[in-house]
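# Coordinate inspection notes
Below, each chain spelled out in residue letters.
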Amino acid sequence: MTSSKSPAAITEALRRELGDAAEDVQRTYSDLHTWMINKGENPRREIGLSESTAENYLDRLDQLHRFSITYFDPDDPTKIEDEHADALLLMIDRAEITKQRGKNKGEEYGESTKRKFADTLGCYFRWQYYEGAMDYEWEPKINFSDEKGESAYRFTYRELGLLFEEAESYGALPSYYDTPVDEREKIDGLVAQRLGIPKEDVTRNDWLHADWSGKVHSMVAVGFDAGLAPIEIGNAETHWYDPKSNTLKIPTEFACKEREKEEVGLSDRSGDVLSEWFQERRHLEKYDGSNKIWLNREGNPYQSGSLCNLLRNLCEEAGIKTDDRKIVWYSLRQTMGRNVTAEGELSEANDQLRHERYETTQEAYNQTPVEKLQLRLNETQRKAEKAAADPEYNPFAEEVDATSSTATTNTQPAQETNETTAAVSKTNGGGLHIDAVISDTTEARVDITRQILQDGTEE
């Protein structure tokens, strides 16, 4: 595929910055352009980008390349280092790097342009990864969207609970007979939309049929647990879910990013909700012949915009503040990642988020929930009051006393309780059978080990 301009034609400004290395970078840009056209959209499936998209990436890369040379003076000016890429995005986000030309020169880049810079760097490093120049796939430390503002809002525990409750009953209709006649016409229109029938044909039975659906509840519950991005909601297919293991497998080629990790666990509640939705969707005509888990009212896969609107509607119905908050579909993933990181192990959050590197999880999600911080602050205030009232009070002695109490409770000599006496016996087949509850003490462990060794060596 040819272009109206040479894909290797770096700008004169970049040529001046590179000097003798300009010809090498021209060849690099040419190779990158070819790769984007052939594989840039999805390298695993060898799906390429359009010519215009590839050229836009090259134009922005040219600009980022000059930024890298100007601000970091790299040892090798022919390429952009990943650490410099992260630093550039941070500088752009903080308006330390601003628009370079035109009437808006010196103004901050818009959120959409910031995202495009990040997408360009993502494509550049993805090319290096798949061509073997890098041994891991780069992920930006800052995520941008087309919406102006801070990163996605993360819900408190109470807000999350209210959100789940609202999703469970979302779309419930009032009683047909309790609704005034003049109000029924409005609801008839809603029923007609849900069922895909003419408004004038709506009956009372149609109201009952359209009164409730588990679709939204399952999308929110599973979207939260699995940290699904909007494109993954749209791509999700029924065979992704394994009810026996209660897991969801997001194939790499259908994920929002090229992720090696594919399988995530679901909570028992989300598994039940999803199974109920599978039962319901079997009876809905628009799912005939489709293996998509969720479709919108027009029978199409969900898009980011509609999902964000849905989540904000749920929040408003649940009484969750939406003003001055960036509530988007990614808020569910962000909240899940923060909570799992704070409550469990970093490795657990890393797996559930399907990150390749622990650094990505640590840097983006290691934020303590506000409820936990409040509990800690209340405890600090309490100790401060006691210390003010009692000069001899040691705020750290309580922790020592609590530890000692626990240790005393768990330290009961095995010979006093006789809990391991005759705990080991031989089976008819000559094997050893152990039946005992052992305290976590040295004495108990020594005693049970002695019995095992004695019984195991007797003829």
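Within an unreviewed UniProt entry, the label attached to the protein reads Phage integrase family protein, and the organism entered is Natrinema hispanicum.

With that out of the way, let us pick up the overall build of the protein. A tally of helices and strands in the protein yields 19 helices and 5 strands. Taking all 459 residues of the protein together, 40% fall into the buried category. In the protein, once contacts between residues fewer than 6 apart in sequence are set aside, the share between residues at least 24 apart is 59%. Total accessible area on the protein stands at roughly 25900 Å², and carbon and sulfur atoms take up 46% of it.

Looking at the protein as a whole, the pLDDT averages 82, with 80% of positions reaching at least 70. Ranking the elements of the protein by mean pLDDT puts helix H18 (residues 414–417) last with 42 and strand E1 (residues 241–242) first with 96. Note on residues 1–5: pLDDT under 50 across the span, and 8 contacts to partners over four residues away in sequence or across chains. Segment residues 411–420 is flagged for pLDDT under 50; beyond a separation of four residues in sequence, or across chains, it makes 18 contacts in the model.

Moving on, we get to a negative patch on the surface. On the surface, a cluster of negative charge is made up of Glu-316, Glu-317, Asp-323 and Asp-324. Examined against the element boundaries, Asp-324 turns out to sit in the loop between helix H12 (304–318) and helix H13 (330–343). With a relative accessible area of 75%, Asp-324 lands in the exposed category.

With that settled, the discussion passes to the sheet that holds E1. If you trace the 3 strands from one edge of the open sheet to the other, you get E1-E2-E3, paired in antiparallel fashion. Only two strands of the sheet have a single neighbouring strand rather than two, namely E1 and strand E3 (263–265). Sheet analysis places strand E2 (residues 247–249) next to E3, joined by 3 bridges and oriented antiparallel. Residue pairing in the sheet places Leu-248 in a bridge with Val-264 of E3.

Phi is positive for Asp-73, which is not a glycine, with a value near 45°. Tracing the backbone through its elements, the reader meets Asp-73 in the loop between helix H3 (51–72) and helix H4 (82–93). You can call Asp-73 exposed: its relative accessible area is 61%. The phi dihedral of Asp-324 falls on the positive side, at around 60°, and the residue is not glycine.

Structurally, Thr-252 is set in the loop between E2 and E3. The class of Thr-252 is buried, set by a relative accessible area of 5%. Excluding its chain neighbours within four sequence positions, the residues that come into contact with Thr-252 are Arg-44, Lys-257, Glu-258, Arg-259, Glu-260 and Glu-262.

Further remarks concern the pattern of salt bridges. For the coordinates displayed, the defined rule picks out 17 salt bridges. Between Arg-259 and Glu-139 there is a salt bridge, with its nearest N and O atoms 3.5 Å apart. Here Glu-139 lies in the loop between helix H5 (111–130) and helix H6 (157–169) and Arg-259 lies in the loop between E2 and E3, a separation of 120 residues in the sequence. Exposure class is identical for Arg-259 and Glu-139. Each is buried. Taken together, the shared-partner salt bridges in this structure form one network comprising Glu-12, Arg-15 and Glu-23.

Let us look at H13. Relative to the 20 Å expected for 14 residues at 1.5 Å per residue, H13 spans 20 Å between its end C-alpha atoms, a close match to the ideal helical length. Judged by how many residues are buried, H13 sits mostly within the fold: 10 of 14 residues are covered. Of all the residues in H13, the buried ones are Ser-331, Leu-332, Arg-333, Gln-334, Thr-335, Met-336, Gly-337, Arg-338, Asn-339 and Thr-341. In the core, the buried residues of H13 are packed alongside H6, helix H9 (215–226), H12, helix H14 (346–353) and helix H15 (358–365).

A few words on H3. Between its first and last C-alpha atoms H3 spans 31 Å; for 22 residues at 1.5 Å apiece the expected length is 32 Å, and the two agree. Of the residues flanking the end of H3, it is Asp-73, one or two places downstream, whose phi is positive at about 45°.

Membership of the largest hydrophobic core comes to 47 residues, with the highest contact counts inside it found for Phe-155, Leu-248, Leu-274, Trp-294 and Trp-329. Here this core takes 7 residues from H12, the largest share from any one element. Beyond its immediate sequence surroundings of up to four residues, Trp-294 is in contact with Lys-215, Ser-218, Met-219, Val-222, Leu-228, Ile-233, Ala-236, Leu-274, Trp-277, Tyr-287, Pro-301 and Tyr-302. In this structure, Leu-14, Leu-18, Trp-35 and Ile-69 belong to the second largest nonpolar core, which totals 38 residues.

Conventions adopted
- Residues numbered from 1 in each chain as written.
- Predicted model: local features only at pLDDT ≥ 70, side-chain atom pairs only at ≥ 80, totals over all residues.
- Heavy atoms only, no water.
- Helix = DSSP H or I, 4+ residues; strand = E, 2+ residues; numbered from the N terminus.
- Buried < 20%, exposed > 50% of the residue type's maximum accessible area, 1.4 Å probe, protein only.
- Contact = heavy atoms within 4.5 Å.
- Areas by Shrake-Rupley, 256 points an atom, 1.4 Å probe, with all protein chains shown as cover.
- pLDDT = per-residue confidence, 0-100.
- Patch = residues over 30% accessible without salt bridge, like charges linked within 9 Å, V, L, I, M, F, W, Y side chains within 5 Å.
- Salt bridge = Lys/Arg side-chain N within 4 Å of Asp/Glu carboxyl O.
- Lys, Arg positive; Asp, Glu negative; His and termini not counted.
- Charge placed at Lys NZ, Arg CZ, Asp CG, Glu CD.
- Pairing = 2+ DSSP bridges.
- Expected span 1.5 Å × (residues − 1).
- Core = buried A, V, L, I, M, F, W, Y, C linked by side-chain atoms within 4.5 Å.

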